[in-house]
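# Summary of structural features
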Number of protein chains: 6
Amino acid sequence: MPKLWLTSLEVSTPQEGYELAVLMARVAVKMTQPSDDIRRKLRTVYEQDADALIASSSVVATHFATVAAANNYWKESQC
Amino acid sequence: MPKLWLTSLEVSTPQEGYELAVLMARVAVKMTQPSDDIRRKLRTVYEQDADALIASSSVVATHFATVAAANNYWKESQC
Amino acid sequence: MPKLWLTSLEVSTPQEGYELAVLMARVAVKMTQPSDDIRRKLRTVYEQDADALIASSSVVATHFATVAAANNYWKESQC
Amino acid sequence: MPKLWLTSLEVSTPQEGYELAVLMARVAVKMTQPSDDIRRKLRTVYEQDADALIASSSVVATHFATVAAANNYWKESQC
Amino acid sequence: MPKLWLTSLEVSTPQEGYELAVLMARVAVKMTQPSDDIRRKLRTVYEQDADALIASSSVVATHFATVAAANNYWKESQC
Amino acid sequence: MPKLWLTSLEVSTPQEGYELAVLMARVAVKMTQPSDDIRRKLRTVYEQDADALIASSSVVATHFATVAAANNYWKESQC
């Protein structure tokens, strides 16, 4: 994780916003478990565990809501 | 999953918005577990598991809130 | 589930909004598990499981927030 | 549960709003498990289960957010 | 719990808002499990249980969002 | 934890906002389990537990939404 990883919430498209949300969901995990080795091991387990995959998707959804609001939902104008 | 899958949050009706929310909930799972085979296996388990079904529905609800806001709740005028 | 089931988020009263939220919570489950038979079996289990009932109620709460916002909380005027 | 139980989200004080949120969290449970007997049995279990109590509190929090917004957070003027 | 415990969401600082959110998370538990004795017993278990501690923190986060909005995020002016 | 730990929600960058959200997620845990020793023991377990790591990340996401709104998503002008 580079030292500066979140300089802005503004991105060009919803899809980039979604990718940012995925990153944001992962960084909190990295901050609590900084070891790449342990995270890799955990990953081999949870990527085969439907409950964990759904829980991860839920965190992405919460972050995406924030990113989308930050970008005014990528609407042309704000009236 | 096509390379471009989320070009806009604006859809014509609440129901299309709901379907988009379902897609958005699933893509995060795909990004963590890209193997179609493994996801298919996981699915045969979790689609018979009430807890997992309810948890999935919760992710859809969070994304739907975002999509609905993006479409100003499909009210006639937005300005 | 009829083909068109979510044509509008606008309903006359908070209680109708709550009922719509309940429906919205259930449809995601139906979309993942379309078999009426399997859902009926799951239901006999989870309707006796406090954790699942509370989790369902949580999904309803998230959808209700969206429906309530869509109806401007059923306030007389918007000032 | 009376037939009409949610006629308005507007209440006079935050505390009444909190009590409404508690009611809203419970009604979804009642709609999925209408039997008073079964709910009473479930209750004797989950009211001794910290996880279930915390999960219930989470549903109350989500509904309270909606009720609070509906009442403009009980600020003096709303316009 | 005094009879009147939530007369206003307005507090002077974010930290007081956080403390209010903690209180709001706990009151729902008290309303479902009014016995001080049983809650004390439950507490000795769940305060040693990381999952329960994290789940409690999640409820605080939801209430804090509401309290923060009620206080306009403690910004000087509202423009 | 210093006596005053949350004097403002306004921070200069999204990344500082994220770090504040991480702090806010942790403080609720500290308030329920004040013993540094017990928290340290819990931590050695849950930092190896994917479910707990994801649940923590979810709390961060909820707090980040609040912090981001408080900073108007770090957009140039706020008025």
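Anyway, here's the lowdown on the structure attached to this text. Here the structure is a predicted model, which is why all the values come from computation and not from measurement.

Once chain B has been moved 0.0 Å along the axis and rotated by 60°, it coincides with chain C to within an RMSD of 0.0 Å. Each copy turns onto its partner about a six-fold axis. Minimal C-alpha distance to the rotation axis in chain B is attained by B:Thr62, lying at 6.8 Å. Comparing contact sets, just 12% of the residues at the interface of chain B also lie at the interface in chain C, consistent with a heterologous contact between different surfaces.

The next point concerns the relation of the copies chain B and chain A. When chain B is fitted onto chain A, the two copies agree to an RMSD of 0.0 Å after a turn of 60° and an axial shift of 0.0 Å. A different interface surface on each copy is seen, since only 12% of the contact residues of chain B are contact residues in chain A too.

The subject of this paragraph is the interface of chain B and chain C. Listed by partner, the interface residues are 26 residues for chain B and 30 residues for chain C. Taken together, both faces of the contact between chain B and chain C bury some 2,300 Å²; the carbon and sulfur share is 66%. It is B:Gln15, B:Tyr18 and B:Ile54 in chain B that bury the most area against chain C; as a group they hold 27% of the surface buried on that side. The interface formed by chain B and chain C includes nine residue pairs in polar contact (both at pLDDT 80 or more). Tallying contributions element by element places helix H3 (residues 50–70) of chain B first for the side of chain B that touches chain C, with 12 residues. Classifying every residue of the side of chain B that touches chain C gives 14 nonpolar, five polar and seven charged.

The next subject is the packing of helix H1 (residues 14–32) of chain C against helix H1 (residues 14–32) of chain D. Where H1(C) meets H1(D), the axes come as close as 12 Å, and the angle between the chain directions of the two elements is 60°. Here H1(D) runs oblique to H1(C), going by the angle between their axes. The crossing of H1(C) and H1(D) is right-handed. Along its contact with H1(C), which presents C:Tyr18, C:Glu19, C:Val22 and C:Arg26, the element H1(D) presents D:Met24, D:Val27, D:Ala28, D:Met31 and D:Thr32. A class-by-class count of the residues in the contact of H1(C) with H1(D) yields six nonpolar, one polar and two charged.

Glancing now at unusual backbone geometry. Phi at D:Asn72 takes a positive value of approximately 45°, unusual for a residue other than glycine. Mapped onto the elements of the fold, D:Asn72 is located in the segment after helix H3 (50–70). For E:Tyr73, which is not glycine, the phi torsion reads 60° and is therefore positive. Take E:Tyr73: it is sitting in the segment after helix H3 (50–70).

Residues and elements named next belong to chain D. When helix H2 (residues 36–46) is considered as a whole, its buried residues turn out to be Arg 39, Leu 42 and Tyr 46. Burial along H2 is one-sided: seen end-on, the buried residues are contained in an arc of 60°. Away from the buried face of H2 by more than 90 degrees, exposed residues Arg 40 and Lys 41 are located.

With that out of the way, let us pick up the interface of chain B and chain A. Taken together, the contact pairs 32 residues of chain B with 27 residues of chain A. Between chain B and chain A, the buried area comes to about 2,400 Å², and carbon and sulfur atoms account for 68% of it. The three residues of chain B that bury the most area against chain A are B:Met31, B:Thr32 and B:Leu42, which together make up 22% of that side's buried surface. Put simply, chain B and chain A have zero salt bridges between them. Inspection of the chain B/chain A interface yields nine residue pairs in polar contact (both at pLDDT 80 or more). Those elements giving two or more residues to the side of chain B that touches chain A turn out to be helix H1 (14–32), helix H2 (36–46) and H3 of chain B. Looking at the side of chain B that touches chain A, the element that brings in the most residues is H3(B), giving nine residues.

Reading the values: the criteria
- Residues numbered from 1 in each chain as written.
- Chains lettered and ligands numbered in written order.
- Predicted model: local features only at pLDDT ≥ 70, side-chain atom pairs only at ≥ 80, totals over all residues.
- Heavy atoms only, no water.
- Least-squares fit on C-alpha atoms with pLDDT ≥ 70 in both.
- Contact = heavy atoms within 4.5 Å.
- Buried area = accessible area lost by both parts, 1.4 Å probe.
- Polar contact = N/O pair within 3.5 Å; in protein donor to acceptor, adjacent residues only side chain to side chain.
- Helix = DSSP H or I, 4+ residues; strand = E, 2+ residues; numbered from the N terminus.
- Nonpolar A, V, L, I, M, F, W, Y, C, P; charged D, E, K, R; others polar.
- Axes fitted to C-alpha atoms, helices over the stretch in contact; angles between N-to-C directions.
- Parallel < 35°, antiparallel > 145°, perpendicular 65-115°, else oblique.
- Left-handed = near helix turned anticlockwise from the far one by under 90°.
- Buried < 20%, exposed > 50% of the residue type's maximum accessible area, 1.4 Å probe, protein only.
- Arc of directions from axis to C-beta.
- Salt bridge = Lys/Arg side-chain N within 4 Å of Asp/Glu carboxyl O.

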